[in-house]
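So the chains spell out like this:
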Amino acid sequence: MASLAKGRHVSIDLRRMGNANLRDGHSCLMDLLMVAISGIFLFLPALLPNSAAVLFGGGTPVDFGRTWRGKRILGDGKTWTGLIGGVSAGTSLGLLLAILTTALDASESWRWGLGLMPIGVVFSLSLGSLLGDMAGAFIKRRLGMVRGQKAAGLDQYDFVIGALGLTALTYPGWLWAHYLDGEAVIALIALLVFVPLLHRSVNIIGFKLGKKKEPW
Ligand code: CTP
Ligand code: MG
């Protein structure tokens, strides 16, 4: 009798444990999904500058038309108005979202730091994004590619590397905590998967609106 009761007790415990595992598995997946989404959210100040540069561009080239070893340094696709407009747009969006997340008392995983730190972080993400884009253009020109010529990989990731790279220099702790440390690496993977898809969609829209000469 005692052993029967014991057996029943054990089986109930096992069932409970099974449910707990299922629940844990479910919440774990949800956690990872949230890490991925917050990683993309925090990267918005780096995502906007590229599209904004297309709208603001058209003025004096950053390299002032100068060449190096017979080829343009950056080319006509990188302009001062694009650079300044893009960085301003990305930083403004970042500051707006920083104020919003502070007002909503959002958890640290949705924040660019506390106090005045978001100013520096969102500025680093925005400026780094367009510095990376210019580094990409510099490499393309050295390879003899004309403005707008497709460079698979470089076009999609130059600004991601620039944004993460500059922020790694200015706010290493923030970057480590949000994109590299433990399960935060899911946020980095989400970026690497999501960014080319977004880049392509935005460029198709820009092309259809007549703002971009090529749909990539
Ligand atoms: N743009 C700009 N200034 C910048 C970045 C972009 O004016 N600093 C504008 C340009 O009009 C550019 C457009 O945004 O043509 C799209 O940017 P991107 O696709 O990066 O440039 P491409 O035209 O493809 O030129 P490149 O081959 O040099 O990358
Ligand atoms: Mg580019």
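Keep in mind that this is a model prediction, so the values were computed, not measured.

Basis of the calculations
- Along each chain, the written sequence defines residue order, and numbers are assigned to residues from 1.
- Here every chain gets a letter starting at A, and every ligand a number starting at 1, in the order they are written.
- Given that this is a predicted model, residues contribute local features only at a pLDDT of at least 70 and side-chain atom pairs are listed and counted only at 80 or more, while totals for whole chains, interfaces and linings are drawn from all residues.
- A run of DSSP states H or I qualifies as a helix once it reaches four residues; a run of E qualifies as a strand once it reaches two. Both are numbered from the N-terminal end.
- Every C-beta atom is placed from the backbone, and the number of other C-beta atoms within 10 Å of a residue's own sets its class: buried at 20 or more, exposed at 12 or fewer, partly exposed in between.
- Throughout, a pair of residues is in contact if the C-beta atoms placed from their backbones lie within 7 Å.
- Think of it as the arc spanned by the lines of direction from the helix axis to the C-beta atoms.
- One nonpolar core equals one set of buried Ala, Val, Leu, Ile, Met, Phe, Trp, Tyr and Cys residues connected by C-beta atoms within 7 Å.
- Only the C-beta atom, placed from the backbone, is used; a residue is near a molecule or strand if that atom lies within 6 Å of it.
- Residues are grouped as follows: Ala, Val, Leu, Ile, Met, Phe, Trp, Tyr, Cys and Pro are nonpolar; Asp, Glu, Lys and Arg are charged; all remaining types, including Gly, are polar.
- The angle between two axes is taken between their N-to-C directions and runs from 0 to 180 degrees, where each axis is a line fitted to C-alpha atoms and a helix contributes only its stretch in contact.
- Here a crossing is taken to be left-handed if its near helix is turned anticlockwise relative to the far helix by less than a right angle, and right-handed if that turn runs clockwise.
- The predictor reports its confidence for every residue as pLDDT, a score running from 0 up to 100.

Turning our attention to the overall build of the protein. A tally of helices and strands in the protein yields seven helices and two strands. Reading the protein from its N terminus to its C terminus gives the helix and strand order α-α-β-β-α-α-α-α-α. By residue count, 33% of the 216 residues in the protein fall in the buried class. Counting contacts in the protein only where the partners sit at least 6 residues apart, residues at least 24 apart contribute 73% of the total.

A few words now on helix H6 (residues 172–180). Listed in full, the buried residues belonging to H6 are Trp 174, Leu 175, His 178 and Tyr 179. Angular distribution of buried residues about the axis of H6 spans 95 degrees; they occupy a single face of the element. Exposed and oriented more than 90 degrees from the buried face of H6 are Pro 172, Gly 173 and Trp 176. Of the residues trailing H6, Gly 182 is marked for its positive phi of about 55 degrees.

Let us look at the nonpolar core. Considering soluble globular proteins, one finds that nonpolar side chains tend to be buried as a cluster. Counting residues in hydrophobic clusters, the biggest one holds 37 residues, and the most contacted among them are Leu 130 and Ala 163. Of all the secondary structure elements, the ones that give two or more residues to this core are helix H1 (2–42), helix H2 (44–56), helix H3 (80–103), helix H4 (117–142), helix H5 (154–170), H6 and helix H7 (185–208). Beyond its immediate chain neighbours, meaning those up to four positions away, Leu 130 contacts Pro 49, Ala 53, Leu 83, Gly 86, Val 87 and Phe 159.

A few words on the site of ligand 1. The local shell around ligand 1 holds 17 residues, among which Ala 53, Gly 57, Gly 77, Gly 82 and Ala 137 are the closest. Sorting the residues of the shell around ligand 1 by element identifies H2, H3 and H4 as the ones contributing at least two each. For the shell around ligand 1, the element with the most residues is H4, which contributes four residues. Considering only residue class, the shell around ligand 1 consists of five nonpolar, seven polar and five charged.

Quick look at the packing of H2 against H3 now. At their nearest, the axes of H2 and H3 sit 7 Å apart, and the two run at 140 degrees to each other. Considering only the axes of H2 and H3, their crossing is right-handed. Here Leu 44, Pro 45, Ala 46, Leu 48, Pro 49, Asn 50, Ala 52, Ala 53 and Phe 56 of H2 come into contact with H3, specifically with Thr 81, Gly 82, Leu 83, Gly 85, Gly 86, Val 87, Ala 89, Gly 90, Thr 91, Leu 93, Gly 94 and Leu 97. Of the residues in the contact of H2 with H3, the class split is 13 nonpolar, eight polar and no charged.

The next subject is the environment of Ile 186. Relative to the helices and strands, Ile 186 is located in helix H7. Residues Ile 186 and Leu 32 lie 154 residues apart in sequence; the distance between their C-alpha atoms is 6.9 Å.

The next subject is the environment of Gly 65. Considering the arrangement of structural elements, one finds Gly 65 in the loop between H2 and strand E1 (67–68). Judged by the 12 C-beta atoms lying within 10 Å of it, Gly 65 is exposed.

A word on the confidence of the model for the protein. Should pLDDT be low for a region, the predicted coordinates there are not to be read in detail. Of all residues in the protein, 90% have pLDDT values of 70 or greater, and the mean over the chain is 91. A low-confidence stretch, residues 1–12 stays under pLDDT 50, and its non-local contacts, those more than four residues away or across chains, total zero contacts.

Moving on: unusual backbone geometry. At Arg 69, a residue that is not glycine, the phi angle is positive and equals roughly 50 degrees. Considering the arrangement of structural elements, one finds Arg 69 in the loop between E1 and strand E2 (71–72). Given 7 C-beta atoms within a 10 Å radius, Arg 69 is considered exposed. The residue Asp 105 is not glycine, and still its phi comes out positive at about 55 degrees. Note that Asp 105 resides in the loop between H3 and H4.

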